[in-house]
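Summary of the model geometry
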Amino acid sequence: MSWVAIVPVKGNPGAKSRLGERPDRAGLADAFALDTVGALLSARGIDRVLVVTGDGELAVRLADLGADIVREDPVRASAAPTDPLNAAIRQGLLVARAAFPQANLAVLTGDLPALTPADVEHTLRLAAGKERSLVPDAAGAGTTTLLALAGIPIEPRFGVGSRAAHEAAGHVPLGLPASVSIRHDVDTAADLAVAQRLGLGPHTRLLVDGAPGAAASR
């Protein structure tokens, strides 16, 4: 089955404020997005990855990986100042539906630095049998991934309590254990420590481990 992934990436200096006062916070947020998109691009079954972002510098880096960039519409963003994440996702969904009407769609948060292609592929296999599905976060109340088969309407409701909101809209939770990488988004230092134990992607690992040549924070 053919899948198109949509990844919203805000890419601003205030990103990931819950990681604390560490000086590389903005760089980490960028690295999370790069590793999320890199894993998706390496997964069998994902034909295209659309990244919705207004960050020109990060867009270049994501495009270099092979992602298709959807430049965030400032008018659309300003029309939804309290819900910019879902507004960006809706923009990506509109582009994906128009450009790839026969594709199944998967929306993933851009903060999955331990994501592996194998876990993406397993998720897609489970989702292939359901019109609408979701992957809850490791805590169980949020959503990391929202999926719908071709032609099935999808309304993103990411934010506090998103799992319940998405279930109410008809998305069925997939039977993935809490240990799998696709359930581990990173908002806090504790989340990052768990992702590090799972195995970070290369961009995040360079920053966290302090290896030579690590990407500079912005």
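Residues numbered from 1 in each chain as written. Predicted model: local features only at pLDDT ≥ 70, side-chain atom pairs only at ≥ 80, totals over all residues. Heavy atoms only, no water.

**A few points about the pattern of salt bridges**
With the rule as written, the count across this model stands at 6 salt bridges. Put simply, Arg90 and Asp83 hold a salt bridge, and the shortest N to O gap is 3.9 Å. Salt bridges linked by common partners bring Asp83, Arg90 and Glu155 together as one network. (Salt bridge = Lys/Arg side-chain N within 4 Å of Asp/Glu carboxyl O.)

**Some thoughts on the confidence of the model for the protein**
On average, the protein scores 91 in pLDDT, and the residues at 70 or more come to 90%. Segment residues 211-218 is flagged for pLDDT under 50; beyond a separation of four residues in sequence, or across chains, it makes 17 contacts in the model. (pLDDT = per-residue confidence, 0-100. Contact = heavy atoms within 4.5 Å.)

**Concerning helix H2 (residues 56-65)**
All of the buried residues along H2 are Leu58, Ala59 and Leu62. Buried residues of H2, viewed axially, fall in a sector of 105°; they line one side. Where H2 begins, one side-chain oxygen reaches toward the backbone nitrogen of Glu57, 3.1 Å away; that side chain belongs to Asp55. Immediately beyond the C-terminal end of H2, within one or two residues, lies Gly66, with a positive phi of roughly 125°. (Buried < 20%, exposed > 50% of the residue type's maximum accessible area, 1.4 Å probe, protein only. Helix = DSSP H or I, 4+ residues; strand = E, 2+ residues; numbered from the N terminus. Arc of directions from axis to C-beta. Polar contact = N/O pair within 3.5 Å; in protein donor to acceptor, adjacent residues only side chain to side chain.)

**What to know about the sheet that holds strand S2 (residues 46-53)**
Pairing within the open sheet is mixed, and its 7 strands lie in the order S3-S2-S1-S4-S6-S5-S7. Whereas interior strands pair on both sides, the edge strands pair on one side only; in this sheet they are strand S3 (68-71) and strand S7 (172-173). Bridging between strand S1 (residues 3-8) and S2 involves 6 bridges; their strand directions are parallel. What sits directly across from Pro8, in S2, is Val52. Packing of H2 onto the sheet brings it into contact with S2 and S3, and relative to S3 it is tilted by some 160°. (Pairing = 2+ DSSP bridges. Axes fitted to C-alpha atoms, helices over the stretch in contact; angles between N-to-C directions.)

**A look at the layout of surface pockets**
Its boundaries defined by the atoms lining it, the largest pocket holds a volume of some 970 Å³. Taken together, 38 residues form the lining of the largest pocket, with Lys16, Leu85, Thr109, Asp111 and Asp187 sitting closest to its centre. Where the lining of the largest pocket is concerned, the elements lending two or more residues are helix H1 (25-42), helix H4 (84-99) and helix H7 (189-198). Ranked by residues supplied to the lining of the largest pocket, first place goes to H1 with 4 residues. Classifying every residue of the lining of the largest pocket gives 14 nonpolar, 13 polar and 11 charged. (1 Å grid on protein atoms, 1.4 Å probe; cavity = no way out; pocket = protein on both sides within 12 Å on 5 of 7 lines; lining within 4 Å. Points joined across faces, edges and corners; volume = space filled by probe spheres on them. Nonpolar A, V, L, I, M, F, W, Y, C, P; charged D, E, K, R; others polar.)

**Overview of the packing of H1 against helix H8 (residues 202-209)**
The N-to-C vectors of H1 and H8 enclose an angle of 150°; their axes lie 7 Å apart at closest approach. The orientation of H1 with respect to H8, classified from their angle, is roughly antiparallel. Between H1 and H8, the contacting residues are Gly27, Leu28, Ala31, Phe32, Leu34 and Asp35 on the first element and Pro202, His203, Thr204, Leu207 and Val208 on the second. (Parallel < 35°, antiparallel > 145°, perpendicular 65-115°, else oblique.)

**Here we look at the pairing of S3**
Strand direction decides the pairing type here: S2 and S3, joined by 4 bridges, are parallel. Residue pairing for S3: Leu50 is matched across the bridge by Asp68. On the question of chirality, the crossover connecting S2 to the parallel S3 by way of H2 is right-handed. (Right-handed = clockwise from strand over helix to strand, strands pointing away.)

**Some words on the pairing of strand S6 (residues 143-148)**
Regular strands place side chains that alternate from one sheet face to the opposite one. Burial analysis of S6 places 6 of its 6 residues in the buried class, which makes it a mostly covered element. One ladder, built from 4 bridges, connects strand S4 (residues 104-108) with S6; its direction is antiparallel. Paired with Leu108 across the strands is Thr145, a residue of S6. Bridging between strand S5 (residues 132-136) and S6 involves 5 bridges; their strand directions are antiparallel. Its bridge partner being in S6, Pro136 is matched across the sheet by Thr143. The turn joining S5 and S6, which pair antiparallel and follow one another in sequence, is formed by 6 residues; a positive phi near 100° is taken by Gly140.

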